[in-house]
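Survey of secondary and tertiary structure
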Amino acid sequence: MNEDIRIHSWPCSYYLDTSKQWVSGRLSLTPVAIKFTADKTGELLVNFHLSSISEIKKESSNLIFSSLTILEKNTKHWFSSLQPNRNVVFNILEHFWREQLLSSQGTGAEAAALQTTKGKELTGLLTGSQKRLEDTAKVLHYQGEQFDNIMRGLNKIEGDMDVADRLLTELESPSWWPFSSKLWKAPLETKPKETATVSDSKNQEGIIIRIPVIITHRTDSNVKPGKLTLFASGLEISDCNSQVIHRFESKDVDDIRVHTPYEISVRQRFIGKPDTSYRLLSAKMPETIPILEMQFSKKIQFLEDALGFVGARKSPQVDLGTSIWQAATGLLGGVVQPSSPVGGREGVDNDEVQLQKQEKISQEEAKELKQILKKLKGLALETEAELERQDEALDSITTSVDRATLNIDKQNRRIKKLT
């Protein structure tokens, strides 16, 4: 992720301690840093990492009202005249600061990242792929349950059609026919139990991902912290106390707009009344957007500021099979079955020898990569089998619907004859 992406910026004033005066400008937030740029000179007066912040507070004094202070190491920075208001800026800054502290992208992790081996880098890449495949499997599993519920409903409809057919036959039979009263009598004891199965499956629905978010409702200027939970059947927005603010079923979502890699808006349209719309900002949003894109592929829209993100994320995915699988098998092959010594080959300079030495991975990393690849292969096979099963179920549903339609038309004609 590009660390120079500007998540948000706010007009404000900054107290410059060297000249003992307030300077107007813009306070900017990036994924890893806070910056302040003066309006008149364009000079960057403040630029420090989120991990270096010790405290963010809302303060005021006799001379400074509605101010925000940020304690960075031993330096205290004062910001005032914040727009749209101090609470909005405080909630957003505090959210990204806390998430930065909880994540592995702090100063210590950054130093360690410079020494990350190829094996660890590949392990992280494959682990991410495994997580995405597991999320896909959850969505497909829920879709399979929905198909099963549809099939149960269609079977119940067919049973009702059989009863209707017997009743029509009874009405069409002459009064002197001796078997007319026995044609339509059939037990229906097991039919009502189907609804309980459907409701139970809904109650047991699993959570795909849950992230902390900053929530803005419609165009309100006030924001509040909360949580976004993604289910296979939709998404749910709740406050910090886990009280549900709103739940969108998949069919209720009309569009999802990705404003930046960290901010989206979800909307449900209505006729004759205002739309239901929520704007969600989160440091964990880049991890959630691929899942939203998978669930709402026809409803998600990437705006101009997010096009760079989707392009950067999708470009390596074009050659996913070669970049991940070939790299993994190639590296594993170099460890498990090492080839002839590099020094024995002609025309290989010292730089190439050094590069190949750097790309080798340890036996422990190779073992871990093998385990991940084994899990990925199992998940891929399960996903493929589930897709095939759903294709068969969809064909059965189509056939059942066509058969039910023909039966309804036939019974309509019989009813018209009776009337």
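You'll find the protein entered in an unreviewed UniProt entry as Synaptosomal-associated protein 47, with Mesembrinibis cayennensis given as the organism.

**Some points on the overall build of the protein**
The number of helices and strands found in the protein is nine helices and 15 strands. Burial analysis of the protein (419 residues in total) assigns 37% to the buried set. When contacts within the protein are restricted to residue pairs at least 6 apart in sequence, long-range pairs at least 24 apart make up 54% of them. Carbon and sulfur atoms make up 52% of the accessible area of the protein, which totals about 25,200 Å².

**Section: the sheet that holds strand 11 (residues 244-249)**
A sheet is described by the order of its strands in space; here eight strands give the open sequence 11-10-9-8-14-13-12-15, paired in mixed fashion. The open sheet has two edge strands with one neighbour each: strand 11 and strand 15 (300-302). With strand direction ignored, the average angle separating the axes of adjacent strands in the sheet is 30°. Sheet topology note: the strand 10 (residues 234-239)/strand 11 ladder contains five bridges and is antiparallel. Across the sheet, the residue bridging to Gly234 is Glu249, located in strand 11.

**Considerations on helix 1 (residues 86-102)**
The end-to-end C-alpha separation of helix 1 is 24 Å, in line with the 24 Å expected for 17 residues at 1.5 Å each. For helix 1, the complete set of buried residues consists of Val88, Val89, Phe90, Asn91, Ile92, Leu93, His95, Phe96, Trp97, Glu99 and Gln100. One side-chain oxygen of the residue at the start of helix 1 lies 3.1 Å from the amide nitrogen of Asn87, identifying that residue as Asn85.

**Topic: the pairing of strand 6 (residues 67-72)**
With respect to burial, strand 6 is a largely interior element, five of its six residues being buried. With six bridges connecting them, strand 5 (residues 53-59) and strand 6 associate as antiparallel partners. In the sheet register, Glu59 faces strand 6, and the bridge partner there is Ser67. Across five bridges, strand 6 lies against strand 7 (residues 75-80) in antiparallel orientation.

**Some thoughts on the side chain of Ser13**
Summarising the element assignment, Ser13 is placed in strand 1 (residues 8-16). Residue class for Ser13 comes out buried when judged on its relative accessible area of 15%.

**A short note on a negative patch on the surface**
The grouping of Glu384, Glu388, Asp391, Glu392 and Asp395 at the surface amounts to a negative patch. Inspection of the secondary structure puts Asp395 in helix 9 (residues 363-418).

**Examining the environment of Thr136**
Position of Thr136 relative to the elements: it lies in helix 3 (residues 118-172). For the pair formed by Thr136 and Gln295, sequence separation is 159 residues and the distance between their alpha carbons is 8.9 Å.

**Considerations on the packing of aromatic side chains**
Across all of its chains, the model carries six aromatic pairs by this definition. Ring centres of Phe96 and Tyr262 lie 5.9 Å apart, and the angle between their planes is 65°; on these two criteria the pair is classed as edge-to-face. Of this pair, Phe96 sits in helix 1 while Tyr262 sits in the loop between strand 12 (255-260) and strand 13 (263-268); the two residues are 166 residues apart in sequence, bridging distant segments of the chain. Of the residues examined, Tyr262 reaches a relative accessible area of 6% and is grouped as buried. Following the ring pairs from residue to residue traces out a cluster consisting of Tyr14, Phe36 and Phe79. In this structure, Lys58 is placed above the aromatic ring of Phe90, and the distance from its NZ or CZ to the ring centre is 4.9 Å. In this structure, Lys273 is placed above the aromatic ring of Phe270, and the distance from its NZ or CZ to the ring centre is 4.4 Å.

Reading the values: rules and limits
Residues numbered from 1 in each chain as written. Predicted model: local features only at pLDDT ≥ 70, side-chain atom pairs only at ≥ 80, totals over all residues. Heavy atoms only, no water. Helix = DSSP H or I, 4+ residues; strand = E, 2+ residues; numbered from the N terminus. Buried < 20%, exposed > 50% of the residue type's maximum accessible area, 1.4 Å probe, protein only. Contact = heavy atoms within 4.5 Å. Areas by Shrake-Rupley, 256 points an atom, 1.4 Å probe, with all protein chains shown as cover. Pairing = 2+ DSSP bridges. Axes fitted to C-alpha atoms, helices over the stretch in contact; angles between N-to-C directions. Expected span 1.5 Å × (residues − 1). Polar contact = N/O pair within 3.5 Å; in protein donor to acceptor, adjacent residues only side chain to side chain. Patch = residues over 30% accessible without salt bridge, like charges linked within 9 Å, V, L, I, M, F, W, Y side chains within 5 Å. Salt bridge = Lys/Arg side-chain N within 4 Å of Asp/Glu carboxyl O. Lys, Arg positive; Asp, Glu negative; His and termini not counted. Charge placed at Lys NZ, Arg CZ, Asp CG, Glu CD. Phe/Tyr/Trp six-rings, centres within 6.5 Å; stacked < 30°, edge-to-face > 60°. Lys NZ or Arg CZ within 6 Å of the ring centre and 35° of its normal.

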